[in-house]
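Results of the structural survey
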Amino acid sequence: MRFVLIGHDGTDAEAPARRAATRPAHLEVTKPLIDAGIFKYGGPLLDKDENMVGSLMILEYDSEEQLRAEYLANEPYVAAGVWQKIEIYPFKTAPAFEQA
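Definitions and cut-offs
- Residues numbered from 1 in each chain as written.
- Predicted model: local features only at pLDDT ≥ 70, side-chain atom pairs only at ≥ 80, totals over all residues.
- Heavy atoms only, no water.
- Pairing = 2+ DSSP bridges.
- Helix = DSSP H or I, 4+ residues; strand = E, 2+ residues; numbered from the N terminus.
- Axes fitted to C-alpha atoms, helices over the stretch in contact; angles between N-to-C directions.
- Salt bridge = Lys/Arg side-chain N within 4 Å of Asp/Glu carboxyl O.
- Buried < 20%, exposed > 50% of the residue type's maximum accessible area, 1.4 Å probe, protein only.

On to the sheet that holds strand 3 (residues 52-60), then. Pairing within the open sheet is antiparallel, and its four strands lie in the order 2-3-1-4. This sheet does not close on itself; its edge strands, each paired only once, are strand 2 (39-46) and strand 4 (83-91). Along the sheet, successive strands turn relative to each other by an average axial angle of 15 degrees, direction set aside. Where strand 1 (residues 2-9) lies against strand 3, seven bridges are found, and the strand directions are antiparallel. Note on strand 3: the bridge partner recorded for I6 is L56.

Take the pattern of salt bridges next. The full count for this structure, using the stated rule, is seven salt bridges. The salt bridge involving D35 is made with K31; its shortest N-O contact spans 2.9 Å. With D35 and K31 both in helix 1 (residues 15-35) and four residues apart, this pair spans about one turn of that helix. A salt bridge links K48 to D49; the nearest nitrogen and oxygen atoms lie 3.5 Å apart. The pair formed by K48 and D49 is uniform in burial state, with each residue classed as exposed. Salt bridges sharing partners connect three or more residues here, namely R2, K40 and E60.

That is the geometry; function is a separate question.
Put into structure tokens, the structure is as follows:
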């Protein structure tokens, strides 16, 4: 099953520095998920000035519980307090966007 994960960064003055400091570790953790086909699509959410303020990811796991246990439990943005609010929604890709 696919899920959309939206991670909202903190809004405090240190939030951009926290994200910048943690981003290399976040990218390192997500690389194997991309290679394994678990992380389908994602990227940073931007504000009107194109500053990173969060993340949007489409991930494939058997359940939300598995996503939380196997991904979020190891996500540097969670451990470092970059994401202050996390939303997870079941997601179904429209047939026109499915790859053959």
